[in-house]
Amino acid sequence: MKKILLLFILLSSMLFSLNVEAREYSNENSSRGIYVNLKSNLYYQDRQVIGETKNNFTLFPSTVKVRLTLYMSYQYEADFSNMTFMTSNHTEDLDMGNSISVCANGINNTYWYFDVYCVIDGNKVNNYYYRAYIDQYGNFSLM
């Protein structure tokens, strides 16, 4: 059984590619579901800062709670609690194939913090973040 599961995980990880702006999280220790694959991304499009998380794959049923929060400041802050809250979104169960996102108007010369908090089957399994900067010319870069 473990060999089959390992083979399946290996094959499924080949199917989901990562890009520079994305982070992928996989959980193999869920109490109900055997495997959950989430992909998060922070990007800038049409003067909008967008943070998104997608449930790429779930093997057997799992409850995947996700909370996304977006913060902004005009100067670099090491602690997001010193930044301005922009928006938040959450779901009690992010089903396979579905995504959740947050969006705010991008402003030149600003710093952004995107927080992703995930709970799978009642266990906190991941909390990660992105930092980004929009320069004076409107160029967006991850930090």
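An account of the accompanying structure is given in this report. (Residues numbered from 1 in each chain as written. Predicted model: local features only at pLDDT ≥ 70, side-chain atom pairs only at ≥ 80, totals over all residues. Heavy atoms only, no water.)

1. What to know about the pairing of strand 6 (residues 99-105)
Stage number 1. Here strand 6 shows a clear split, with Ile100, Val102 and Ala104 buried on one side and none of Ser99, Ser101, Cys103 and Asn105 buried on the other.
Stage number 2. Two strands pair when backbone bridges link them, and strand 3 (residues 48-59) and strand 6 are joined in this way by seven bridges, in the antiparallel orientation. In the sheet register, Val49 faces strand 6, and the bridge partner there is Ala104. (Buried < 20%, exposed > 50% of the residue type's maximum accessible area, 1.4 Å probe, protein only. Helix = DSSP H or I, 4+ residues; strand = E, 2+ residues; numbered from the N terminus. Pairing = 2+ DSSP bridges.)

2. Topic: the nonpolar core
Stage number 1. Within the largest apolar cluster, 24 residues are counted, with the highest numbers of intra-cluster contacts made by Leu42, Leu70, Trp112 and Phe114.
Stage number 2. Of all the elements in the fold, those that place two or more residues in this core are strand 2 (35-45), strand 4 (64-73), strand 6, strand 7 (110-120) and strand 8 (123-134). (Core = buried A, V, L, I, M, F, W, Y, C linked by side-chain atoms within 4.5 Å.)

3. Examining the pattern of salt bridges
Stage number 1. Throughout the structure, instances matching the rule amount to one salt bridge.
Stage number 2. Ionic pairing is found between Lys65 and Glu92, a salt bridge with its closest N-O pair at 3.5 Å. Here Lys65 is found in strand 4, whereas its partner Glu92 is found in the loop between strand 5 (84-91) and strand 6, with 27 residues between them in sequence. (Salt bridge = Lys/Arg side-chain N within 4 Å of Asp/Glu carboxyl O.)

4. A short note on the packing of aromatic side chains
Stage number 1. The full count for this structure, using the stated rule, is 10 aromatic pairs.
Stage number 2. Consider the rings of Tyr71 and Phe80, whose centres lie 4.9 Å apart with planes at 50 degrees: the pair is tilted.
Stage number 3. By relative accessible area, Tyr71 is classed as buried at 14%.
Stage number 4. Given the relative accessible area of 29%, Phe80 is considered partly exposed.
Stage number 5. Taken together, the ring pairs connect Tyr71, Phe80, Phe85, Tyr113 and Tyr129 into an aromatic cluster.
Stage number 6. We note Arg67 situated over the ring of Tyr117; from NZ or CZ to the ring centre the distance is 4.6 Å. (Phe/Tyr/Trp six-rings, centres within 6.5 Å; stacked < 30°, edge-to-face > 60°. Lys NZ or Arg CZ within 6 Å of the ring centre and 35° of its normal.)

5. A word on the environment of Leu42
Stage number 1. Within the secondary structure, Leu42 is located in strand 2.
Stage number 2. Using a relative accessible area of 0% as the deciding quantity, one classes Leu42 as buried.
Stage number 3. Between the C-alpha atoms of Leu42 and Tyr130, which are 88 residues apart in sequence, the distance is 7.1 Å.

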